[in-house]
Amino acid sequence: MQNIILFGPPGSGKGTQATRLVEKYKFVHLSTGDLLRSERKRETKLGIEAQKFMVKGELVPDSVVIGMIESAVQEAGDVTGFIFDGYPRTVPQAEALDALLASNEMSIDRVLVLDVNEEESTKRLLDRGKTSNRKDDQDESVIRGRYKVYLDYTVEVAGYYEPKGIVVNIPGEGAIEEITELLASEIEAIA
Ligand code: AP5
């Protein structure tokens, strides 16, 4: 059982790489962004509330996403491991995840940080915004706001895991296949 956090700013390739690693290692991929968009699509109360934060590029309240991840982990049952994508994004989320995993006799093995600078992140998301229906990719100020939220609230989550010696930085700019190789070699190095 291996549990990985794919970490990094908006547009760093977390979702892209998670999909490729799931194919290779059969992890269960849990993306809070995808879970929230699915709630919104089904027009649930949670999805409608969350949308108010998402369109502005702000974080959805911890209580909402923590509860959502707890349900998703319990529903997944017996699996070979999880890739958490876009979660945790705050220190309280990280503490809640540790407690949840510990209560299931699990822990996080690696936090793999995809390093991508603000200009590359902005360019990728504006490009995607031309063809996707993600409103938060269609306004440069919202995209830059998401990057700022990452710097202000999310970077410290890597600091939270640092003393455990499980944080690894990976260059997130370059060919998608080469980045997958770098991530795979880190996963395969886990004892
Ligand atoms: P979320 O859905 O998590 O979005 P994000 O992290 O802001 O950004 P993305 O998921 O769009 O980026 P990514 O790193 O996955 O990159 P991707 O592979 O898609 O969150 C959306 C919102 O939901 C948040 O703003 C917040 O409101 C809320 N939310 C979610 N989780 C939350 C939480 N835990 N707590 C509170 N609120 C939460 O790639 C992006 C683009 O780049 C794609 O077009 C892709 O094709 C391209 N690309 C990928 N890799 C490369 C490469 N190597 N070279 C060139 N292009 C590339």
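Only a predicted model underlies this, so the values are computations on that prediction, with no experimental measurement involved.

Each value, and the rule that gives it
- Residues numbered from 1 in each chain as written.
- Predicted model: local features only at pLDDT ≥ 70, side-chain atom pairs only at ≥ 80, totals over all residues.
- Heavy atoms only, no water.
- Salt bridge = Lys/Arg side-chain N within 4 Å of Asp/Glu carboxyl O.
- Helix = DSSP H or I, 4+ residues; strand = E, 2+ residues; numbered from the N terminus.
- Buried < 20%, exposed > 50% of the residue type's maximum accessible area, 1.4 Å probe, protein only.
- Pairing = 2+ DSSP bridges.
- Axes fitted to C-alpha atoms, helices over the stretch in contact; angles between N-to-C directions.
- Contact = heavy atoms within 4.5 Å.
- Polar contact = N/O pair within 3.5 Å; in protein donor to acceptor, adjacent residues only side chain to side chain.
- Parallel < 35°, antiparallel > 145°, perpendicular 65-115°, else oblique.
- Left-handed = near helix turned anticlockwise from the far one by under 90°.
- Nonpolar A, V, L, I, M, F, W, Y, C, P; charged D, E, K, R; others polar.

Remarks on the pattern of salt bridges
Taken as a whole and assessed by the stated rule, the structure comprises 17 salt bridges. In this structure, the salt-bridge partner of glutamate 118 is arginine 144, at a minimum N-O distance of 2.9 Å. Placement of glutamate 118 in helix H6 (residues 118-131) and of arginine 144 in helix H7 (residues 140-161) is noted, with a sequence separation of 26 residues between them. Residue glutamate 120 is joined to arginine 124 by a salt bridge in which the shortest nitrogen-to-oxygen separation is 2.8 Å. One end of the pair is glutamate 120 and the other is arginine 124, both in helix H6 and 4 residues apart, which spans about a single turn. Arginine 124 gets classed as partly exposed once you look at its relative accessible area, which sits at 23%. One connected set of salt bridges, linked through shared partners, spans Arg128, Arg134, Asp136, Asp137 and Arg146.

Quick notes on the sheet that holds strand E3 (residues 81-85)
A sheet is described by the order of its strands in space; here 5 strands give the open sequence E2-E3-E1-E4-E5, paired in parallel fashion. Each of the sheet's edge strands pairs with one partner strand only, and the pair in question is strand E2 (28-31) and strand E5 (167-171). Here the strands of the sheet are splayed against their neighbours by 20° on average, with no regard to which way each runs. Bridging between strand E1 (residues 2-7) and strand E4 (residues 110-115) involves 4 bridges; their strand directions are parallel. Residue pairing in the sheet places leucine 6 in a bridge with leucine 112 of E4. The strands touched by helix H4 (residues 62-76) within the sheet are E2 and E3, with E3 carrying the most contacts at an inclination of about 155°. Its contacts with the sheet put H7 on E1, E4 and E5, and the angle it makes with E1 is roughly 150°.

A short note on the side chain of serine 12
Position of serine 12 relative to the elements: it lies in the loop between E1 and helix H1 (14-25). Among the polar contacts listed, one links the side chain of serine 12 to the backbone oxygen of proline 9, at a separation of 2.7 Å.

Description of the packing of helix H2 (residues 32-41) against helix H3 (residues 45-54)
The interhelical angle for the contact between H2 and H3, taken along N-to-C directions, is 120°, at an axis separation of 7 Å. Relative to H3, the element H2 lies oblique. In this structure, the crossing between H2 and H3 has a hand that is left-handed. Taken together, the residues of H3 that come into contact with H2 (itself represented by Gly33, Leu36, Arg37, Glu39 and Arg40) are Leu46, Gly47, Ala50, Gln51 and Met54. Class assignment of the residues belonging to the contact of H2 with H3 gives a composition of 4 nonpolar, 3 polar and 3 charged.

As for the environment of threonine 16
The topology assignment puts threonine 16 in helix H1. Exposure remark for threonine 16: the relative accessible area of 41% places this residue in the partly exposed category. The sequence separation of threonine 16 and isoleucine 176 amounts to 160 residues, and the corresponding C-alpha distance is 8.2 Å.

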